[in-house]
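One-letter residues, chain by chain:
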Amino acid sequence: MSYVEELLRDAFGRWAGREAVVYGGGRLTYGELGRHIAVLAAALAHGTGAVGVLARNRPEALVVHLACHLAGRPVAHVARDASRPVQRTFLRDASASELCHDPNEAPTARSLAAEVPGLTPRPLALVPPPPGVDPPAAPPPAPASRVRTLLCTGGTTGVPKGVAHTHALFAQPVPEPGALATPGERCLVFTDMSHLSWYFAMPTLTAGGTLVLHEGFDAGAFLRLVPGERITRVVLSPPQLAKVLDHPECAGADLSGLRLLAYGAAPSTPHRLHQATERFGPVLQQVYGLTETGVVSVLTPEDHLYGDAAVRASVGRPVPGVSIEVRDAEGAPLPDGESGEVWVRGPALMAGYLGPEHANEQAVHDGWLRTGDLGRLGGDGYLTLEGRCKELLIHHATGTHVYPRLIEEALLGHPAVREAAVWAVPDERHGGDHVHAAVTLTEDAPGAHALRAHVATVLHQDHMVPEHVEVLTDMPLTRAGKIDKPALAGRRGRGSEGR
Ligand code: AMP
């Protein structure tokens, strides 16, 4: 039985009256969710090819996802914030024949369907399913391929790529307390199903708990919904966690029902984690993972409370079944403590990238995936990340290698800096890169000059001092809640505060 068949058996049986999904427009019991899935799966079973999904974080997306898996068709979640060419390529490479969309996405769905040969839009609205729908009697059709879920990488350091996963993505063992999803669990979800972090919510559903879906992140909504909807678990990105901590109502909100606050998908800072531990107590769990790998490692609540500074600066230890190695540029494993590229092997590794342009790209070697992340392993198995290999910039004047992460950490060490991002601006004429930065600040705002002086004092390297520091009131975030560096690079020159 697949995880969906098991879910439906329980939805039509012992959980029928229990609340499964809460969303802006209403609530669905497991019985209602099950009937929606059964009706749609019956319709989808007649088609071939993958089913695209273009939807906000709404129950429609969940219904299509589960109906596809029941009907044996791959489901391709389109990233709503990706560029139109990326969305088009993703659907084409996925061989999608239908594009299911929620009512809000109708114009985009229509224009994508006009651009991708053989793609038909299918509007979805949650109308009450006909009475008397029974659990699907016949077994689902034999799967045409093992590929089941298609996602797109975030593209924060390159062009987003389509990633094909098998059902192993849902069978991955998750360490305690992630595995302890119970029927009483109520999980708050902010991201769309097109991002891996959404799948953190699936164990809550398969355990008979309740998903509370919110369209897009909002710190105020978080502080209202946790007590209002009796939320027990949530996943945030570090910038989102920082926004919650900075919210004026955070100190007074009743967040005592939270049993697990998972965060990840982007780097965190010791200062923020200290603040979060003080505010939330022993519920923090950091997750490191890639769209290509599923969950790789976890820093547990105990690590947050009892770990030394090195442990708290790490992304934790591999989850069961996952192995991590740090290797040199030739792929040879490095001893503990040495920095190199992080390679990962595990049960939830992707089946491959989508599309002819990636056909020859050997991302997986003998079952190991090159993550493109730089890191080092401690003797105790804790992994510390140091940046992205691809983010390495070559300084235009000195030719020196510079890792933006180091400069970001130096900026974040200034007491007035809330968020910081550093990126390369290529020097078209002379080659090499210029170092640019953007920050958001507390009210006590130092000027760009003071921030540059601070970086020079901390790092003692002139070439690491950003040439421009742009002061923003808000950092642009991607759909996964990461700082959107391509967007920052795109706005260069507009209102920047230089040296
Ligand atoms: P994506 O697949 O687009 O979500 O991006 C995966 C990348 O996000 C990884 O390769 C890391 O660079 C970054 N990432 C994910 N989790 C963490 C974490 N806990 N800490 C720091 N970076 C992370």
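Only a predicted model underlies this, so the values are computations on that prediction, with no experimental measurement involved.

Peer 1: Where do I start with the overall build of the protein in this structure?
Peer 2: What the protein contains, in helices and strands, is 15 helices and 26 strands. Compactness check: the protein gives a C-alpha radius of gyration of 23 Å against a globular reference of 23 Å for 499 residues, within 12% of the reference. A burial count over the protein gives 54% of its 499 residues as buried. Of the contacts made within the protein by residues no fewer than 6 positions apart, 66% connect residues no fewer than 24 positions apart. Where the 44 positive side-chain charges of the protein centre and where its 54 negative ones centre are 5 Å apart.

Peer 1: Can you help me understand the nonpolar core in this one?
Peer 2: Nonpolar side chains in soluble globular proteins generally cluster together in the buried interior. Among the nonpolar cores identified, the biggest contains 45 residues, and Leu33, Leu62, Leu66, Trp198 and Leu205 are the most heavily contacted of them. The dominant element in this core, judged by the number of residues it contributes, is helix H3 (residues 59–71), at nine residues. In this structure, Leu205 is in contact with Leu7, Trp15, Ala20, Tyr30, Leu33, Leu62, Leu66 and Leu211, ignoring residues within four places of it in sequence. Membership of the second largest hydrophobic core comes to 30 residues, among which are Phe222, Ala253, Leu273 and Leu299.

Peer 1: Help me understand the packing of helix H1 (residues 3–12) against H3, please; the structure alone is not making it clear to me.
Peer 2: Two measures define how a pair of helices packs: the angle their axes make with one another and the distance between the axes. Closest axis-to-axis distance for the H1/H3 pair is 8 Å, and the angle between their directions is 110°. With respect to their mutual orientation, H1 and H3 come out roughly perpendicular. Taken as a pair, H1 and H3 cross one another with a handedness that is left-handed. Seen from H1, the contacting residues are Tyr3, Val4, Glu5, Leu7 and Leu8; seen from H3, they are His65, Leu66, His69 and Leu70. Here the contact of H1 with H3 is built from residues that sort into six nonpolar, two polar and one charged.

Peer 1: Hey, could you run me through the pattern of salt bridges in this one?
Peer 2: Between side chains of opposite charge, a pair can form when the charged atoms approach closely. Inspection of every chain in the model, using the stated rule, returns 30 salt bridges. Here Arg259 ties to Glu185 by a salt bridge, and the two come within 3.2 Å at their closest N and O atoms. Residue Arg259 is found in the loop between helix H9 (238–246) and strand E12 (260–264), and its partner Glu185 is found in the loop between helix H6 (168–171) and strand E9 (186–189); the two are separated by 74 residues along the sequence. Residue classification places Glu185 among the buried residues on the basis of a relative accessible area of 2%. The residue Arg370 makes a salt bridge to Glu341 at a minimum N-O spacing of 2.8 Å. On the criterion of sequence distance, the pair formed by Arg370 in strand E20 (residues 368–377) and Glu341 in strand E17 (residues 340–345) is long-range, its members being 29 residues apart. On the basis of relative accessible area, Glu341 is assigned to the buried category, the value being 11%. Each of the salt bridges in this network shares a partner with another, and the network as a whole consists of Glu19, Arg27, Arg186 and Glu229.

Peer 1: Sorry, what's going on with the packing of aromatic side chains here?
Peer 2: The description of an aromatic ring pair uses the distance of the two centres, along with the angle that the planes make with each other. Tallied over the full model, the rule gives three aromatic pairs. Relative to Tyr30, the ring of Trp15 has its centre 5.0 Å away and its plane inclined at 65°; by these criteria the two rings are edge-to-face. A residue pair is termed long-range when its members are at least 10 positions apart, and Trp15 in the loop between H1 and strand E1 (19–23) and Tyr30 in helix H2 (residues 30–44) qualify at 15 residues. A residue is classified by how much of its surface remains accessible, and Tyr30, at 0% relative accessible area, is buried. Pairing Trp198 with Tyr199 gives two aromatic rings, centres 5.6 Å apart and planes at 65°, and the pair type is edge-to-face.

Peer 1: Please clarify how the pairing of E1 should be interpreted in this entry.
Peer 2: For E1, the tally of buried residues reaches four of five residues, placing the bulk of the element in the interior. Of the strand pairs in this sheet, E1 and strand E2 (residues 26–29) are connected by four bridges, and their pairing is antiparallel. Its bridge partner lying in E2, Val21 is registered against Leu28. In textbook terms, the turn of a hairpin is the stretch between consecutive antiparallel strands, and for E1 and E2 this stretch comprises two residues.

Peer 1: What's the story with the site of the ligand in this structure? I'm lost.
Peer 2: Neighbouring residues of the ligand: 18 residues in total, closest Gly154, Thr291, Asp373, Arg388 and Lys482. Between Arg388 and the ligand, the recorded distance is 2.8 Å, taken from a side-chain N or O atom to an oxygen atom. For the ligand, the protein covers 91% of the area, taking 500 Å² as the surface of the free molecule. Among the elements of the structure, strand E13 (284–290) and strand E21 (383–388) are those that each provide at least two residues to the shell around the ligand.

Peer 1: It is not clear to me how the sheet that holds strand E24 (residues 417–426) should be interpreted in this structure. Could you clarify?
Peer 2: Each strand in a sheet pairs with another by means of backbone hydrogen bonds, the pair being arranged parallel or else antiparallel. The sheet built from three strands is open, its strands ordered E24-E25-E26 with mixed pairing. In this open sheet, the two edge strands, each paired with only one partner strand, are E24 and strand E26 (468–472). Averaged over all pairs of adjacent strands, the angle between strand axes in this sheet comes to 20°, irrespective of strand direction. Each of E24, strand E25 (433–441) and E26 touches helix H14 (residues 448–459); the most contacted strand, E26, lies at about 125° to it.

Peer 1: Explain empty space enclosed by the protein to me, please; I cannot follow it from the model alone.
Peer 2: Picture a little ball the size of a water molecule; that probe, rolled over the atoms, points out where space is still empty. Here the structure, examined in full by the defined rule, presents two cavities of 30 Å³ or more. In this structure, the largest cavity spans a volume of roughly 50 Å³. Along its surface, the largest cavity is lined by Val53, Leu54, Ala55, Arg56, Ala61, His77, Val78, Asp192, Met193 and Ser194. By residue class, the composition of the lining of the largest cavity is six nonpolar, two polar and two charged.

Peer 1: Would you mind going over the sheet that holds E2 with me for this structure?
Peer 2: Pairing is mixed in the open sheet, where nine strands are placed in the order E2-E1-E10-E9-E11-E12-E13-E14-E15. The strands lining the two open edges of the sheet, one partner per strand, are E2 and strand E15 (317–318). Relative to strand E14 (residues 294–299), E13 runs antiparallel, the two sharing five bridges. Bridging from a neighbouring strand, Leu290 pairs with Gly294 of E14. Packing against the sheet, H3 makes contact with E1, E2 and strand E10 (210–213), and its axis sits at approximately 135° to E1.

Peer 1: I keep staring at the environment of Thr191 and nothing clicks. Help me out?
Peer 2: Residue placement: Thr191 occurs in the loop between E9 and helix H7 (202–206). A residue is classified by how much of its surface remains accessible, and Thr191, at 7% relative accessible area, is buried. Distance in space between the C-alpha atoms of Thr191 and Leu290 is 15 Å, their sequence separation being 99 residues. Each residue touching Thr191, except ones within four places of it in the same chain, is listed here: Asn57, Ser197, Trp198, Arg479 and Ala480. Of the polar contacts made by the side chain of Thr191, one reaches the side chain of Ser197; its length is 3.4 Å.

Parameters and conventions
Residues numbered from 1 in each chain as written. Predicted model: local features only at pLDDT ≥ 70, side-chain atom pairs only at ≥ 80, totals over all residues. Heavy atoms only, no water. Helix = DSSP H or I, 4+ residues; strand = E, 2+ residues; numbered from the N terminus. Rg over C-alpha atoms; globule rule 2.2 N^0.38 Å. Buried < 20%, exposed > 50% of the residue type's maximum accessible area, 1.4 Å probe, protein only. Contact = heavy atoms within 4.5 Å. Lys, Arg positive; Asp, Glu negative; His and termini not counted. Charge placed at Lys NZ, Arg CZ, Asp CG, Glu CD. Core = buried A, V, L, I, M, F, W, Y, C linked by side-chain atoms within 4.5 Å. Axes fitted to C-alpha atoms, helices over the stretch in contact; angles between N-to-C directions. Parallel < 35°, antiparallel > 145°, perpendicular 65-115°, else oblique. Left-handed = near helix turned anticlockwise from the far one by under 90°. Nonpolar A, V, L, I, M, F, W, Y, C, P; charged D, E, K, R; others polar. Salt bridge = Lys/Arg side-chain N within 4 Å of Asp/Glu carboxyl O. Phe/Tyr/Trp six-rings, centres within 6.5 Å; stacked < 30°, edge-to-face > 60°. Pairing = 2+ DSSP bridges. Near = heavy atom within 4 Å. Polar contact = N/O pair within 3.5 Å; in protein donor to acceptor, adjacent residues only side chain to side chain. Areas by Shrake-Rupley, 256 points an atom, 1.4 Å probe, with all protein chains shown as cover. 1 Å grid on protein atoms, 1.4 Å probe; cavity = no way out; pocket = protein on both sides within 12 Å on 5 of 7 lines; lining within 4 Å. Points joined across faces, edges and corners; volume = space filled by probe spheres on them.

Bear in mind that shape data such as this cannot, by itself, settle questions of function.
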